[in-house]
Amino acid sequence: MNVAAAPRFTAADAVRMARELYGLAVEAESLPSERDQNFVLKDSSGPRFVLKIANREEALEVLDLQNKLLDRLGRIDTGMVFPRLVAARSGLEVTPVRGLDDAAYFVRLLTWVDGVPIAAVPQPASLLRSLGGGLARMDEALRGFEHSAAKRVFYWDLRHASMAWRYLDLIPEPRRSMLRPMVDAWQSIDWGRLPTSVIYNDANDYNVLVDAAGTRVVSFLDLGDVVHSATVCDLAIAIAYTMLDKQDPMAAAAEVVRGYHAIRPLSEAEVDALFPLAAARLCASVCYAANQTRHAPANEYLNVSNRPAWDLLEKLASFPQDWPREVFRRSCGYSQGARSTASLLESRRRMLGPSLSISYSEPLHIIRGWRQHLYDASGRRYLDCVNNVAHVGHSHPRVNEAAARQMALLNTNTRYLHENLAEYIERLTAMMPPKLSVVYLVCSGSEANELALRLARAHTRRDGIFVLDAGYHGNTSALVDISPYKFNGKGGRGKPAHVEIMPLPDVYRGPYRGSDAGPRYAAHVERAIRRVGPPAAFFAESASGCGGQIFFPSGYLADAFAAVRNAGGVCVADEVQTGFGRAGSHFWMFETQDAEPDIVTMGKPIANGHPMGAVVTTREIADSFANGMEYFNTFGGNPVSCAAALAVLDVIRDEELQENARITGDYLLAGLRELAERCSDVGDVRGRGLFLGVELRDASTAAALVDRMKTSGVLLSTDGPLHNVIKIKPPLVFDRADADVLLGGLRTALSQNSI
Ligand code: PMP
């Protein structure tokens, strides 16, 4: 329909028409419309009527369709109120009037319906369900309604969205390519499986009216887009608009779907078509807008809905492929194996070993991970600032493909030869100082540290271990014994006799803070050697995670390692959390300390979530361990693990993730420092690359902040001996925009005075 053929009457014209045609003494005010003209007619008691002047090209038959439809909606109990058609004094329901251009325009008068556009009110879940319910009732009321004018080829009918794709080329790159998969998804809709009826087809957020209290939907306005189409298109359009400007568009849409399904149950085919249809509606909007701004660049109405549409399209394009469908399926009870959060919690409570806490008082039920986001069953997306396992991004396709391909070919133990193993150990050792040249592949960080313990003891024939205070090295008995975080924590049995605790080189809270802090902390290691004798090994993370994201003063590790080595001990760098480029400036965190360990242990990020760990050591230490007893690890180093781990190295290199960690980490650190200056709750901010910590006043402040951030869609965790440090260690694909989201969230949360 030609927007240029829209009527151009003035408010004074409307007042005159109201008087002459309907005998009304009213004032008139124009309402926005794309193709038609609508005037609200008011008298002293407020708005009474809407005078509608149709587009010059509107067929009379279409107006008849709308009139019959209003008549039907007025007579069926939908629990809502619809405008009634008022005949002119002449008796005509539709009156032709002549415009200044001498063309004939059709005029109608409808009663005013009280209400507030849903766009103007807060939209809690209950209201969104009411929207779905109201729409379903309207669709039910129109079931069986027939009118020849409804069977038209109409550009807003989603079945004919191909009319919009003609303008796709007007959209510049990279946006055009972003829309392409959505257009493809629309193209693969199986229309034959979708029931059809005459539908309202325009539940945009200015057409949906709610009651004054904003609690329920009371009417739908403007039947200009009514068409005979797939019934589910009505809902798809409603959710397209509902999603605009929402922090969690899918969660909002899911509520509308739930409300709809409760009244007019959707078939599985309809549910599966919903997301492609909603996305297609948004794509069609921006395509038509691109075309119309060519012809009428100044038309305000066209531009209003454009920016939010693009913002939303960008968000939708970033979602993992089948997550929206899964959320809708879950809303309608069509997801195989899906269970409620309550039922999952109950199973866990009854049958899972109880020695494990669950994050958040309202636990998360995450069903997808993609890049730096996690996606839950209810339609919420979270920025994952915690997960240092999904190192190159959740569900990275290259890692998935590599592991799946190998899994389909062969997975067996390392008693046979395999290219993947050879290639991995070659590439891993190439990234290490030359003397660290022998690799053991295991299945976790704990297995790596457990083996490091055995290597050190075999090499030195000693038993004693030095560790850093607050350190954690793994979950086996031997490792709990060398983890102050555990043995001095809840349920711990205290320090075993063979273990010595070195003070954590913390320049914020610890005793030494000046430029000589490094050597002074390291002197404790020398003193301990003099006091208790030389250890088998000194275990230290290269920056302390469980200690609360503590970065050591310069010279510390190098001096401490020298002291231990001079006493014949072995230095173990636990890089389980800190390795593989996270430090940004260096691939390994120990390199930031100019220190060279004798053993490096790795885990978490090594295969992006596939269970794997590694130990790299010197030829001498490996030879000391090779006393005839084999070290066999059923799963360690299998070809699937190696394929995944190789893909991780490839992605870090190809996507320049170490460099990204440096650049994004520096940006984030600067932002956090700025925040700290303005906020008295923040004590210290520190970080290297994408391994950062924000130390808050106390544990309860930190816990409240983490909870508040979850509400705004950002996942964080706390740690440190006082549980007051916010840890930031996201997947390395975390970018500047994510940093802004995190900083904005923290700024808001910290400025709310209840923290
Ligand atoms: N070392 C450090 C520093 C760790 O943070 C962890 C795990 N949190 C481990 C070792 C143990 O790794 P895993 O849980 O894979 O056994």
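Quantities reported herein were computed from a predicted structural model and do not represent experimental measurements.

A. Structural detail: the overall build of the protein chain. The helix and strand inventory of the protein chain stands at 24 helices and 26 strands. C-alpha atoms of the protein chain, sized along the principal axes, occupy 110 × 55 × 50 Å. Classification of the 755 residues of the protein chain by burial places 56% in the buried group. Here the contacts in the protein chain between residues at least 6 apart in sequence split such that 74% fall between residues at least 24 apart.

B. The sheet that holds strand S7 (residues 116-117), seen in detail. As summarised here, the arrangement of the three strands in space is S7-S9-S10, forming an open sheet in which the pairing is antiparallel. Each edge of the open sheet is held by one strand with a lone partner, namely S7 and strand S10 (217-220). Across two bridges, S7 lies against strand S9 (residues 208-210) in antiparallel orientation. In the sheet register, Val-116 faces S9, and the bridge partner there is Val-210. Relative to the sheet, helix H3 (residues 125-141) contacts S9 and S10, its axis offset from that of S10 by approximately 45 degrees.

C. Layout of the sheet that holds strand S12 (residues 366-370). Within the open sheet, the four strands sit side by side as S12-S13-S14-S24. Their pairing is mixed. The open sheet has two free edges, formed respectively by S12 and strand S24 (714-715), since each of these has just one partner strand.

D. Fine view of the packing of aromatic side chains. What the rule picks out here adds up to 23 aromatic pairs. Consider the rings of Phe-580 and Trp-588, whose centres lie 5.0 Å apart with planes at 65 degrees: the pair is edge-to-face. Neither Phe-580 nor Trp-588 differs from the other in exposure class; each is buried. These aromatic residues form a ring-pair network of at least three members: Phe-154, Tyr-155, Trp-156, Tyr-167 and Tyr-288.

E. Local environment of the pattern of salt bridges. Going through the model one piece at a time under the given rule, you end up with 46 salt bridges. Across the pair Arg-686 and Glu-695 runs a salt bridge, and its minimum N-O distance is 2.7 Å. Arg-697 serves as the salt-bridge partner of Asp-698, at 4.0 Å between the closest nitrogen and oxygen. Under the relative-accessibility criterion, Asp-698 is labelled partly exposed at 28%. The class of Arg-697 is partly exposed, set by a relative accessible area of 48%.

F. Broad picture of the pairing of strand S1 (residues 27-31). The sheet contact formed by S1 and strand S2 (residues 37-43) spans five bridges and is antiparallel. Looking at the pairing, Ala-28 lines up with Leu-41 of S2. Adjacent in sequence and paired antiparallel, S1 and S2 are bridged by five residues.

G. How the structure looks around the site of the ligand. Around the ligand, the structure places Ser-444, Gly-445, Ser-446, Asn-449, Tyr-472, His-473, Gly-474, Glu-541, Asp-574, Val-576, Gln-577 and Lys-604. Here a nitrogen atom of the ligand sits 2.7 Å away from a polar atom, N or O, in the side chain of Asp-574. Contacts to the ligand include Lys-604, whose side-chain N or O atom sits 3.1 Å from a nitrogen atom. Against a free-state accessible area of 390 Å², the protein chains account for coverage of 84% of the ligand. For the shell around the ligand, the element with the most residues is helix H15 (residues 445-460), which contributes three residues. Its residues assigned to classes, the shell around the ligand comprises two nonpolar, seven polar and three charged.

H. A look at the nonpolar core. Ranked by size, the top nonpolar core spans 98 residues in total, and within it Trp-165 and Phe-220 carry the most contacts. If you tally residues by element for this core, the top one is helix H8 (residues 268-295), at 16 residues. With residues near it in sequence (within four places) discarded, Phe-220 still touches Met-80, Phe-82, Leu-131, Gly-134, Leu-135, Met-138, Tyr-200, Ala-203, Asn-207 and Val-208. Residues Val-640, Ile-652, Leu-672 and Leu-715 belong to the second largest nonpolar core, which totals 69 residues.

I. Spatial organisation of unusual backbone geometry. Residue Pro-174 follows Glu-173 across a cis peptide bond; omega there is 5 degrees. For Ser-395, which is not glycine, the phi dihedral falls at a positive 50 degrees. Tracing the backbone shows Ser-395 in the loop between strand S14 (381-384) and helix H13 (397-409). Despite not being glycine, Phe-580 shows a phi value in the positive range, around 65 degrees. Looking at the secondary structure, you find Phe-580 in the loop between strand S19 (570-574) and strand S20 (599-602). For Phe-580, a relative accessible area of 0% corresponds to the buried category.

J. Structural detail: helix H14 (residues 419-430). For H14, spanning 12 residues, the distance from its first C-alpha to its last is 16 Å, which sits close to the expected 16 Å at 1.5 Å a residue. When we look at burial in H14, the residues that qualify are Asn-420, Tyr-424, Leu-428 and Thr-429. Buried positions in H14, seen along its axis, are confined to an arc of 145 degrees and lie on one side of it. When the buried face of H14 is taken as reference, the exposed residues oriented beyond 90 degrees from it are Glu-419, Glu-426 and Ala-430. On the buried face of H14, the contacting elements are H13, strand S15 (438-442), S20, strand S21 (613-617) and helix H21 (639-654).

Scoring rules and cut-offs
Residues numbered from 1 in each chain as written. Predicted model: local features only at pLDDT ≥ 70, side-chain atom pairs only at ≥ 80, totals over all residues. Heavy atoms only, no water. Helix = DSSP H or I, 4+ residues; strand = E, 2+ residues; numbered from the N terminus. Buried < 20%, exposed > 50% of the residue type's maximum accessible area, 1.4 Å probe, protein only. Contact = heavy atoms within 4.5 Å. Pairing = 2+ DSSP bridges. Axes fitted to C-alpha atoms, helices over the stretch in contact; angles between N-to-C directions. Phe/Tyr/Trp six-rings, centres within 6.5 Å; stacked < 30°, edge-to-face > 60°. Salt bridge = Lys/Arg side-chain N within 4 Å of Asp/Glu carboxyl O. Near = heavy atom within 4 Å. Polar contact = N/O pair within 3.5 Å; in protein donor to acceptor, adjacent residues only side chain to side chain. Areas by Shrake-Rupley, 256 points an atom, 1.4 Å probe, with all protein chains shown as cover. Nonpolar A, V, L, I, M, F, W, Y, C, P; charged D, E, K, R; others polar. Core = buried A, V, L, I, M, F, W, Y, C linked by side-chain atoms within 4.5 Å. Expected span 1.5 Å × (residues − 1). Arc of directions from axis to C-beta.

Fair warning: the whole summary comes from geometry, so function is off the table for now.
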